[in-house]
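Inside the fold
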Amino acid sequence: MDVHPAGTLWLAVQLLIRSISMLGLTASRLVASSLVLRRALTKTTWLRPPAVLTYASLLLLCAITATANAQQQTAESGISSSSLPDAPQPQSDQQSAAEQTTSAEGSASVSGVVLDVSGAAVPGAQVSLTHRDGTQLRMLNSGGNGEFAFTKLPAGSYLVIVSAKGFAPFTSAEFVVTAQQSYEVPTISLSVAMTDTEITVRPTDVIAAEQIKAEEKQRFIGVIPNFYISYVHDPAPMTTKQKFSLASHDTFDPVSLIGVGLAAGIEQANNTYAGYGQGAAGYGKRFAAKFGDGRTSDFLSHAVFPSLFHQDPRYFYQGTGSFKSRLVHAASFAIITRSDNGKPMPNYSYFLSDIGSGALSNLYYPHADRGIGLVFTNAAIGIAGKAGGTIVREFFSKRITTNVPGDGKP
């Protein structure tokens with residue numbers, strides 16, 4: 001039986017494929033190539049030996065190539081499978097490190113209580129958590145019991161600064177906290193803040209000048225001078241210059257001259273001091289006498305003797321207390337006055353000024369009226385007039401006086 005060359009060759013190919021299959025390999029391209037070769041051999045009845053050998057060589061080369069690729073893939077697969085359970089993966093290492101960092105940061109806390117020097121809690125105090133360089137991290141207010149707490153803090157060094165209204169600022173010592181540590185700030189005791197008080201010190205003569213200037217605006221019903229009453233209970237003492245200045249302002253005030261003219265007219269009508277006579281000449285002499293009495297009395301009682309005895313020539317309005325106490329205070333002023341340092345003392349100025357003014361009146365009163373009687377008569381009239389004037393000032397002057405600056409005795 002003749003064997004067809006193509007059949008013989010096909011048989012060889014089938015044997016080669018089975019040998020490859022026994023190695024446990026699958027090669028789809030090798031199978032496909034064998035099918036193509038079979039069709040070619042079937043269609044060609046007589047193949048030349050070189051062509052047959054060529055096809056067989058190609059088929060063998062494909063089989064070897066497929067076998068080598070399959071073995072390499074199998075080896076790599078085995079190595080990868082065997083090494084996966086034991087070998088650490090880079091991505092897994094990074095994720096684990098990040099989780100450890102996250103757990104370490106934000107796990108510390110800082111707490112404390114704000115107290116004052118007596119140990120009482122200070123609620124509502126502003127508590128700041130800062131770094132050493134002053135960088136503020138967080139801020140909160142202390143609770144009702146003075147407590148505060150900063151949580152979820154990273155490890156590091158911190159300072160606590162506390163400020164509260166009415167207290168001096170507090171800064172703690174630097175402290176270090178580690179991860180997951182609960183740090184409690186030692187005693188926070190706030191001291192009372194020092195208040196800055198601005199005190200303006202002015203010379204007493206400047207203060208006295210301002211008070212005298214205000215007194216020179218005081219007038220009964222806005223017309224009659226009422227300069228020598230102080231509605232300020234404790235005014236600054238007057239200097240000698242100020243005493244003479246106020247006396248000049250008072251005694252030469254135009255309204256005071258009108259009063260002198262009225263008093264001279266009354267004496268003219270009553271023919272008081274008849275030696276002056278009547279008519280214009282008599283009125284002129286009476287006017288001059290009253291003007292002399294008033295000017296010498298004012299300067300002696302308000303400037304000369306107060307400067308010598310360091311007494312204050314003003315009457316000090318009481319304004320409070322019982323009627324009796326106010327009456328005694330006003331009536332006794334002609335006898336008891338106040339020194340420049342505020343202490344009570346006998347009113348030498350008023351007594352001596354009335355005596356001195358009466359003595360000087362002997363120089364210009366009629367000869368028939370001169371003598372020791374004139375001196376004491378004028379002195380008694382002066383003292384009685386001053387006592388009556390102070391009573392009027394105590395009970396009635398404030399109501400009818402303009403530009404009153406004070407309220408009297410506190």
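Just so it is clear, the model here is predicted, and its values are computed rather than measured.

It is worth spelling out the overall build of the protein chain at this point. A count of helices and strands for the protein chain gives eleven helices and 17 strands. A burial count over the protein chain gives 34% of its 410 residues as buried. Within the protein chain, residue pairs in contact and separated by at least 24 positions form 64% of the contacts whose partners lie at least 6 positions apart.

Quick look at the packing of aromatic side chains now. Scanning the model with the defined rule gives 16 aromatic pairs in all. Ring centres of tyrosine 315 and phenylalanine 333 lie 5.3 Å apart, and the angle between their planes is 80 degrees; on these two criteria the pair is classed as edge-to-face. Linking tyrosine 315 in strand S14 (residues 315–316) with phenylalanine 333 in the loop between helix H9 (323–331) and strand S15 (336–339), this pair joins segments that are 18 residues apart in sequence. With a centroid separation of 5.4 Å and 85 degrees between ring planes, the pair formed by phenylalanine 333 and tyrosine 350 is classed as edge-to-face. Taken together, the residues phenylalanine 333 in the loop between H9 and S15 and tyrosine 350 in helix H10 (residues 348–361) connect sequence positions 17 residues apart. What makes phenylalanine 333 buried here is its relative accessible area of 6%. Taken together, the ring pairs in this structure connect Tyr273, Tyr276, Tyr364 and Tyr365 into an aromatic cluster.

Attention shifts here to the pattern of salt bridges. Pairing is possible between side chains that carry opposite charge, provided their charged atoms lie close to one another. Summed over the entire model, instances satisfying the criterion amount to seven salt bridges. When the shortest N-O distance is used, the salt bridge between glutamate 174 and arginine 132 registers 3.2 Å. Pair noted here: glutamate 174 is in the loop between strand S6 (170–171) and strand S7 (175–177) and arginine 132 is in the loop between strand S2 (126–130) and strand S3 (136–141), with a separation of 42 residues, a long-range link. Put simply, arginine 219 and aspartate 253 hold a salt bridge, and the shortest N to O gap is 2.9 Å. Taken together, the residues arginine 219 in strand S10 (residues 219–220) and aspartate 253 in the loop between helix H6 (240–251) and helix H7 (254–270) connect sequence positions 34 residues apart. Residues joined by salt bridges that share partners form a network here, namely Glu215, Asp312 and Arg314.

Next up on the list: the nonpolar core. Core analysis: the largest hydrophobic core is formed by 21 residues, its most contacted members being Val114, Val160, Val162, Phe175 and Ile188. Every residue in contact with phenylalanine 175, bar those within four places of it in the chain, is listed here: Val110, Leu129, Gly156, Ser157, Tyr158, Leu159, Val160, Tyr183 and Val185.

Taken together, three strands build an open sheet; the order of strands is S11-S10-S17 and the sheet is antiparallel. Looking at which strands have only one partner, the edges of the open sheet turn out to be strand S11 (224–225) and strand S17 (401–402).

Let us now look at helix H11 (residues 372–400). Here H11 spans 39 Å end to end across 29 residues, near enough to the 42 Å set by a 1.5 Å rise per residue. In H11, a bend of some 55 degrees at glutamate 394 exceeds every other bend along the element. All of the buried residues along H11 are Leu374, Val375, Asn378, Ala379, Gly382, Lys386, Ala387, Thr390, Glu394, Phe395 and Ser397.

Space inside the largest pocket adds up to approximately 1200 Å³. Contributing to the lining of the largest pocket are 34 residues, with Gly294, Arg295, Ser297, Asp298 and Lys386 lying nearest its centre. Those elements that provide at least two residues to the lining of the largest pocket are S11, H7, helix H8 (279–309), H10 and H11. By residue number, the principal contributor to the lining of the largest pocket is H11, which donates nine residues. Broken down by class, the residue content of the lining of the largest pocket amounts to 13 nonpolar, twelve polar and nine charged.

Calculation notes
- Residues numbered from 1 in each chain as written.
- Predicted model: local features only at pLDDT ≥ 70, side-chain atom pairs only at ≥ 80, totals over all residues.
- Heavy atoms only, no water.
- Helix = DSSP H or I, 4+ residues; strand = E, 2+ residues; numbered from the N terminus.
- Buried < 20%, exposed > 50% of the residue type's maximum accessible area, 1.4 Å probe, protein only.
- Contact = heavy atoms within 4.5 Å.
- Phe/Tyr/Trp six-rings, centres within 6.5 Å; stacked < 30°, edge-to-face > 60°.
- Salt bridge = Lys/Arg side-chain N within 4 Å of Asp/Glu carboxyl O.
- Core = buried A, V, L, I, M, F, W, Y, C linked by side-chain atoms within 4.5 Å.
- Pairing = 2+ DSSP bridges.
- Expected span 1.5 Å × (residues − 1).
- Bend = angle between axes of the 7 residues up to and from the residue.
- 1 Å grid on protein atoms, 1.4 Å probe; cavity = no way out; pocket = protein on both sides within 12 Å on 5 of 7 lines; lining within 4 Å.
- Points joined across faces, edges and corners; volume = space filled by probe spheres on them.
- Nonpolar A, V, L, I, M, F, W, Y, C, P; charged D, E, K, R; others polar.

Geometry only, nothing functional implied.
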